[in-house]
Amino acid sequence: MKRFLLKFIVLFILLDGYIAWYAITVYPNLCGEMDNLGQIPFGSEYTLRMDSVYPINDIFIQNIYADQIDSTPAKAIYTIGDSFSAQDKLGYQQFLGESLGDTIYNILHHFEISAEDLFCQLINSGLISPGSTVIVESVERSMVKRLCEIKLDGQLSQEPPQRITNGNGKMDLLNGAASKIRMTLGYKNPIVRYKTSIDLFSHSTIHNELYIFNSKWDSYEYGQDGDLLFQNIDSQAYDIAFSNLYRLKELAHAKNIRFMYLIAADKYDVYEPFINKEHPRNPTLDNCPDEPWVVNTKPILQEKAHQGIKDIYRINDTHWSPIGAKLVANYLKKKYDNLAQ
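Residues numbered from 1 in each chain as written. Predicted model: local features only at pLDDT ≥ 70, side-chain atom pairs only at ≥ 80, totals over all residues. Heavy atoms only, no water.

A. Expanded view of the environment of F42. With respect to the element layout, F42 can be found in the loop between α2 (33-38) and α3 (44-51). F42 sits 16 residues away from V26 along the chain, and the two C-alpha atoms are 9.0 Å apart. Excluding residues within four positions of it along the chain, F42 makes contact with N29, M34, D35, H203, I206, Y211, I315 and N316. (Helix = DSSP H or I, 4+ residues; strand = E, 2+ residues; numbered from the N terminus. Contact = heavy atoms within 4.5 Å.)

B. Local environment of helix α8 (residues 235-254). An ideal rise of 1.5 Å per residue puts 28 Å on 20 residues; α8 measures up with 30 Å between its terminal C-alpha atoms. Buried within α8 are the following residues: A237, Y238, A241, F242, N244, L245, L248, L251 and A252. For α8, the buried positions fall inside an angular range of 160° around the axis, keeping them on one side. Exposed side chains of α8 directed beyond 90 degrees from the buried face belong to S235, Q236, D239, E250, H253 and A254. Contacts from the buried residues of α8 go to α5 (115-125), α6 (140-148), β8 (258-264) and β9 (294-296). If you check the start of α8, you find a side-chain oxygen 2.8 Å away from the backbone N of Q236, and it comes from D234. Following α8 by one or two positions, N256 has its phi on the positive side, about 60°. (Expected span 1.5 Å × (residues − 1). Buried < 20%, exposed > 50% of the residue type's maximum accessible area, 1.4 Å probe, protein only. Arc of directions from axis to C-beta. Polar contact = N/O pair within 3.5 Å; in protein donor to acceptor, adjacent residues only side chain to side chain.)

C. Expanded view of α3. Turning to α3, its buried residues number three or more, namely Y46, T47 and M50. Along α3, the residues classed as buried sweep out an arc of 95° about the axis, all on the same side. Each element contacted by the buried residues of α3 is listed here: α11 (322-340).

If you want it as structure tokens, here you go:
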């Protein structure tokens, strides 16, 4: 009995000591998407610096729901997208609106419905006025599936759109401590790390390591998703996807609506040339339509990375930073101006 109690006490001390270590050294320094998914304490300094890299004086983005479109000006500029379109004043819409001197109206929606499908529903319902501009955005890793499954004749639900509520996205301390053990043991770790040939980031201690998200497990909390899942795409799916993209353009054209399709390139695909060891290559954008209304962000972002611009994407996130968002906005504006001529 005494031996059992002694072992129990030792185990309790070790467990209590681990939780105390985690609570003091790891948990307070989890400040981004990769931090929480991979339990990697990148620290708050980098996040705060990225958030304040450009001073924001006036706000040029306004988030609305579908039932609020009637309150927007005629011939407005709308965006519909995924998490790359949900960065508010740190996102590409803010910088695009700033350069245009006009408000960009971002139509919020739950991600159970794709931006492409919502666009079709809004067009078919007649909610988007002729002469308006709609920028539909999709992250590269989800683009093919979304375009292949699009419902061009979709109709908007008569129910008011469900409002979105956001949490802080951070696990509680005990769950985080348990996840840290799982990540350390390499069990269902959704974060993949690569060494790079040049410094891509300005983090205080990490400069030439690329962290990407890749969850291969259906049972995992986030399901199958990530920058490496292009390996599961059938080659014929690309033809179907890009064919449907042209059908989206035709649907908008028939309603006299200016349509632009913004592809948020995967972090992995942009930084792929800088990876040192053997790695798979992403073919998703190889045959991307070269059209004035298609905004393929991979070439412009990759070019800027080759020029030495750091932190185009955040080191601890799958999304681009305000630096990347502004580069995208500048490129998007050129495309927009050319279409307006």
